[in-house]
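For reference, the chains in residue letters:
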Amino acid sequence: MFDIKMSLISILAVLTVVVLVGLLLDYLRLLKRPARLGLWLAILGIIAGCVFTLNAVLPGNRFYGPTFSEVKTSQKIVALTFDDGPYPPYTGRVLDILREEGVPATFFVIGKNAEKHPELVRRIIAEGHQVGNHTYNHLDLLKADRATIADEVDRTNKVIAAITGSPAKVVRPPHGFRDAVVLEVMAERGMKVVEWSVLSRDWTNPGVETIAQRTLDKVKSGAVILLHDGDGIAAGSPRDQTVAATRLIIRELKARGYNFVTVDEILKTEE
Ligand SMILES: [Zn+2]
């Protein structure tokens with residue numbers, strides 16, 4: 001049967017043809033009366049391309065299917081999430097702070113990094129945190145074919161299961177990028193796709209205060225906060241700023257009366 005799940009790249013390819021045909025019709029002065037239909041076809045094609053692309057890259061929408069960026073709840077709870085680890089020494093320092101503060105978090109680990117540092121993945125689980133899947137090579141899944149997407153997720157879950165005894169139930173695509181094919185691959189595996197609602201761009205190392213302030217300004221009940229204990233698979237950038245900001249964020253949110261939960265727990269509270 002005809003598969004209606006098209007990747008974003010296929011959709012954009014079709015729309016590019018539509019735009020070119022529209023412009024050609026207009027240029028050849030065909031379909032010009034009563035309105036310039038060719039030109040309008042081209043304009044609509046460009047608008048559609050923008051809509052399809054923005055919904056694939058922005059976190060807070062369900063255009064392509066179910067994803068979670070926050071939950072609607074009256075409870076004062078938030079979920080801290082850390083991406084791109086495990087990455088010594090920063091993952092360990094984040095874990096130290098979480099232990100001192102007595103709060104749980106969720107770590108979306110890269111398979112390749114987890115393979116290199118299994119002891120950190122074991123520690124994450126041993127200390128009551130959750131592990132999520134962040135693909136094996138931190139690929140932009142919008143540029144990958146279905147088999148590669150599946151391999152990226154399965155390979156990472158194999159690594160996680162070998163270390164912790166069970167695979168991850170939640171996945172965060174690198175950069176949050178997803179389309180219909182990405183979401184179908186995740187759904188086939190029964191995995192929930194988790195984005196975020198609070199972003200501080202901590203990976204650019206803008207300063208401890210800035211990371212904390214940008215985060216605190218946006219937090220509300222049911223928020224999913226994105227931070228980075230790692231740096232992709234290249235692993236060149238330091239994460240001292242995120243580590244220091246994590247402590248500030250936790251202390252201020254506690255003062256405001258928030259409780260911290262894992263992603264699994266926050267998903268259960270949706271009202
Ligand atoms: Zn990432």
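All of these numbers come straight from a predicted model, not from anything done at the bench.

Caption draft 1: Highlighting the coordination of the zinc ion. The zinc ion binds to the protein through Asp 84 (OD), His 134 (NE2) and His 138 (NE2); the donor distances cover 2.1 Å. Here the donor residues for the zinc ion map to a single chain with the spacing D-x49-H-x3-H. Of this pair, Asp 84 sits in the loop between strand 1 (77-83) and helix 3 (90-101) while His 134 sits in the loop between strand 3 (130-133) and helix 6 (146-164), placing them 50 residues apart in sequence. His 134 shares its class with Asp 84; the two are buried.

Caption draft 2: Local environment of the pattern of salt bridges. In the structure shown here, the tally under the stated rule is 20 salt bridges. Close ionic contact of Arg 256 with Glu 252 constitutes a salt bridge, the shortest N to O distance being 2.9 Å. Overall, Arg 256 belongs to the partly exposed group, its relative accessible area being 33%. In this structure, a network of salt bridges that share partners links the residues Arg 146, Asp 154, Glu 184, Glu 188 and Arg 189.

Caption draft 3: Expanded view of a nonpolar patch on the surface. Residues Leu 24, Tyr 27, Leu 28, Leu 30, Leu 31 and Leu 37 make up a contiguous nonpolar surface patch of about 630 Å² in total accessible area. Checked against the element boundaries, Leu 28 lands in the loop between helix 1 (8-27) and helix 2 (37-57).

Caption draft 4: Structural view of the domain arrangement of the chain. Split by domain assignment, the chain resolves into domain 1 (8-57) and domain 2 (77-268). Taken together, the contacts link five residues of domain 1 with seven residues of domain 2. Together domain 1 and domain 2 conceal approximately 470 Å² of surface at their shared face, both sides included; 54% is due to carbon and sulfur atoms. Sorting the residues of domain 1 by area buried against domain 2 places Leu 8, Ala 56 and Val 57 first, and these three jointly supply 73% of that buried surface. Of all the secondary-structure elements, those providing two or more residues to the side of domain 1 that touches domain 2 are helix 1 and helix 2. The element contributing the most residues to the side of domain 1 that touches domain 2 is helix 2, with three residues.

What counts and what doesn't
- Residues numbered from 1 in each chain as written.
- Predicted model: local features only at pLDDT ≥ 70, side-chain atom pairs only at ≥ 80, totals over all residues.
- Heavy atoms only, no water.
- Donors = N, O, S within 2.8 Å, 3.2 Å for Na, K, Ca; no water.
- Helix = DSSP H or I, 4+ residues; strand = E, 2+ residues; numbered from the N terminus.
- Buried < 20%, exposed > 50% of the residue type's maximum accessible area, 1.4 Å probe, protein only.
- Salt bridge = Lys/Arg side-chain N within 4 Å of Asp/Glu carboxyl O.
- Patch = residues over 30% accessible without salt bridge, like charges linked within 9 Å, V, L, I, M, F, W, Y side chains within 5 Å.
- Areas by Shrake-Rupley, 256 points an atom, 1.4 Å probe, with all protein chains shown as cover.
- Domains from an automatic or database assignment.
- Contact = heavy atoms within 4.5 Å.
- Buried area = accessible area lost by both parts, 1.4 Å probe.

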